[in-house]
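Close look at the chain arrangement
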Amino acid sequence: MAVSVKNSELIYKSLKKCGVKIVSALPETWLVHLIRFSEEDPDMQLVRLAKEEEGVGISAGAHFAGLKSAMLMQNHGFLASVNGIVSLAQLYRIPLLMIISYRGEMGETDPWQTEGGLRTESTLKALDIPYDIIDSSESVEKKINKAAVLSESSERPVALLITRDLMVE
Amino acid sequence: MKRIDALKRIYKLLDSKLIITNMGAVAAELYSLGHKKNFFYLEHSMGLASSVGLGIALSKPDINVIVLDGDGSVLMNLGTFSTIARYNPKNLTHIIFDNESLLSVGGFPTATSTGTNLKNIALSSGIKFAYETKDIDEFESLFKKNINIDNASVIVSKVEAKGPEKFTMDLGLIENKIEFKRHINSLKEN
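Each chain carries its own residue numbering, running from 1 in the written order of its sequence. In the order they appear in the text, chains get letters beginning with A and ligands get numbers beginning with 1. Two thresholds apply to this predicted model, a pLDDT of at least 70 for residue-level local features and 80 or more for giving and counting side-chain atom pairs, whereas whole-chain, interface and lining totals are computed over all residues. Excluding hydrogens and water, the side-chain figures rest on all heavy atoms present in the structure.

For the rest of this paragraph, the subject is the overall build of chain B. Counting from the N terminus, the helices are DSSP H or I runs at least four residues long and the strands are E runs at least two residues long. Within chain B, the regular secondary structure consists of eight helices and eight strands. Compactness check: chain B gives a C-alpha radius of gyration of 15 Å against a globular reference of 16 Å for 190 residues, within 12% of the reference. The dimensions of chain B, computed from C-alpha atoms along their principal axes, are 45 × 40 × 30 Å. For chain B, the proportion of its 190 residues judged to be buried stands at 55%. Contacts are residue-level and defined by heavy atoms, with any inter-residue pair within 4.5 Å sufficient. Excluding contacts between residues fewer than 6 apart, the proportion of contacts in chain B whose partners are at least 24 apart in sequence is 74%. The protein chains shown are the only cover counted for residues, whose accessible areas, like all others here, come from Shrake-Rupley with a 1.4 Å probe. Carbon and sulfur atoms make up 51% of the accessible area of chain B, which amounts to about 8000 Å² in all. The sign given to each residue is positive for Lys and Arg and negative for Asp and Glu; His and the chain ends receive no count. For this purpose, a charge sits on NZ of Lys, CZ of Arg, CG of Asp or CD of Glu. A gap of 5 Å separates the mean positions of the 23 positive and 21 negative side-chain charges of chain B. To get the radius of gyration, use the C-alpha atoms; to get the globule rule, take the number of residues to the power 0.38 and multiply by 2.2 Å. Each residue gets one of three labels from its accessible area relative to the maximum for its type: buried under 20%, exposed over 50%, partly exposed in between, using a 1.4 Å probe on protein chains only.

Quick look at the structure:
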């Protein structure tokens, strides 16, 4: 298994095109290249977190300061961020562009990812978070752009689930 | 030391800065001294006031950001010290009013009443400048000194577990956010 550099680059370039200046992240296997690109880019502020929920605060601060941000996390990180998403981002109408690696879906080999995978979409639905699934390179730029536009115009969290088919070669 | 008295000591020094408070007594007491458009009261998501402060501090490196927090909130997000220490923004000062109590919900004792030391946690997390004081004069001088140093800092102010008479504020949450954001956007970059 290798994480796709090409598709990671495509995602990163799409985030840059949307004007993202701050990325918060917690390392996850599928996100390694995205985090590396963020770190190596002098025009990007990477914020490495201890826990994903902090990223909601970072994005809120960036929004107050007029900067666009994105969050890179695994779906378990999304599950760990729920209170911050509800009682900060949704309560105060903060745009969040959440790029979530969709572990535990079809083809998952790690047993420990499977329960989170099962609950990811139902949790997004329960929280009224608009989301889309990106499973091929052709739709990356368009879907990221549309999600960024909606999160800014609605001032709400929006999620993109990036899948095994997209991230793993 | 009472928190309200400590707030009175620094109130006039807050004008050119961006202030983020946690919910409950800190927000209500700062508000009671007179609301200003550079104040943002995070009326939920306990623990994230310092993360919001870090987000602003990294986005606006030339503007001083002051987080006014409480022990109960900080205990919910101890990882914030590690994240702040990693980026060490010189424009961020994290003040924690530690009354060893979850005062707003009835005064239940927090872990700082049974030995947890937030100053030591901050230092061990990599924050270079962290202090604890019970004395109001020392609090004022620590505040004045640390807002101008080239590092992030933490000041734990041990205060009495006494809160405001009322917690209500005549300010909508979204109203507060829009006003605060508009204020930041009106500030000129250095």
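With that settled, the discussion passes to the interface of chain A and chain B. With 29 residues of chain A at the contact, the number on the chain B side is 28 residues. Carbon and sulfur atoms make up 66% of the surface buried where chain A meets chain B, a total of about 2300 Å² over both sides. Buried area is calculated as the accessible area (1.4 Å probe) missing from two parts once they are joined, with the contributions of both summed. A per-residue breakdown of the area chain A buries against chain B is headed by Glu54, Phe64 and Tyr92 of chain A, which together make up 33% of the total. By convention in these notes, a salt bridge is any Lys or Arg side-chain nitrogen within 4 Å of a carboxyl oxygen on Asp or Glu. Across the chain A-chain B interface, the total number found is one salt bridge. Definition of a polar contact: a pair of N or O atoms within 3.5 Å, with one able to donate and the other able to accept a hydrogen when the atoms are protein atoms, and with sequence-neighbouring residues admitted only if both atoms are side-chain atoms. Remark: the boundary between chain A and chain B carries 10 residue pairs in polar contact (both at pLDDT 80 or more). Of all the secondary structure elements, the ones that give two or more residues to the side of chain A that touches chain B are β2 (45-48), α3 (53-64) and α5 (82-90) of chain A. Here the side of chain A that touches chain B takes 10 residues from α3 of chain A, the largest share from any one element.

Axis angle and axis distance: for two packed helices, these are the angle between their axes and the distance between the axes, and together they describe the pair. Residues and elements named next belong to chain A. As a rule, the C-alpha atoms of each element are fitted with a line to give its axis, helices using only the stretch in contact, and angles between N-to-C directions run from 0 to 180 degrees. The geometry of helix α1 (residues 5-17) relative to helix α2 (residues 32-40) is characterised by a closest axis approach of 9 Å and an angle of 50° between their N-to-C directions. The angle between the axes of α1 and α2 places the two elements in the oblique class. The interaxial crossing formed by α1 with α2 has right-handed handedness. Across from Val5, Ser8, Glu9, Ile11 and Tyr12 in α1, the residues of α2 making contact are His33, Leu34, Phe37 and Ser38. Each residue gets one of three labels, nonpolar for Ala, Val, Leu, Ile, Met, Phe, Trp, Tyr, Cys and Pro, charged for Asp, Glu, Lys and Arg, and polar for the others, Gly among them. Tallied by class, the residues present in the contact of α1 with α2 amount to five nonpolar, three polar and one charged. Roughly parallel covers angles under 35 degrees, roughly antiparallel covers those over 145, roughly perpendicular covers 65 to 115, and oblique covers all other angles. Crossing handedness is read from the near helix: turned anticlockwise from the far helix by less than a right angle, it gives a left-handed crossing, and turned clockwise, a right-handed one.

With that out of the way, let us pick up unusual backbone geometry. Residue and element names in this part refer to chain A. For Arg93, which is not glycine, the phi torsion reads 55° and is therefore positive. Within the element layout of this structure, Arg93 appears in the loop between α5 and β4 (96-101). Residue class for Arg93 comes out partly exposed when judged on its relative accessible area of 30%.

With that settled, the discussion passes to the pairing of strand β1 (residues 18-21) of chain B. A regular strand places its side chains so that they alternate between the two faces of the sheet. All names here are of chain B. Of the two faces of β1, the one carrying Leu18 and Ile20 and the one carrying Ile19 and Thr21 are both buried. Looking at chain direction, β1 and strand β3 (residues 65-70) are connected through four bridges and run parallel. Within the sheet, the bridge partner assigned to Ile20 lies in β3 and is Val67. With three bridges connecting them, β1 and strand β2 (residues 39-41) associate as parallel partners. Bridge pairing in β2 places Thr21 opposite Tyr41. By the criterion used throughout, a crossover qualifies as right-handed when its path from the first strand across the helix to the second strand runs clockwise, the strands pointing away from the viewer. Since β1 and β2 lie parallel, the crossover through helix α2 (residues 25-32) that links them has a hand, and here it is right-handed. Only when DSSP finds a minimum of two bridges between them are two strands counted as paired.

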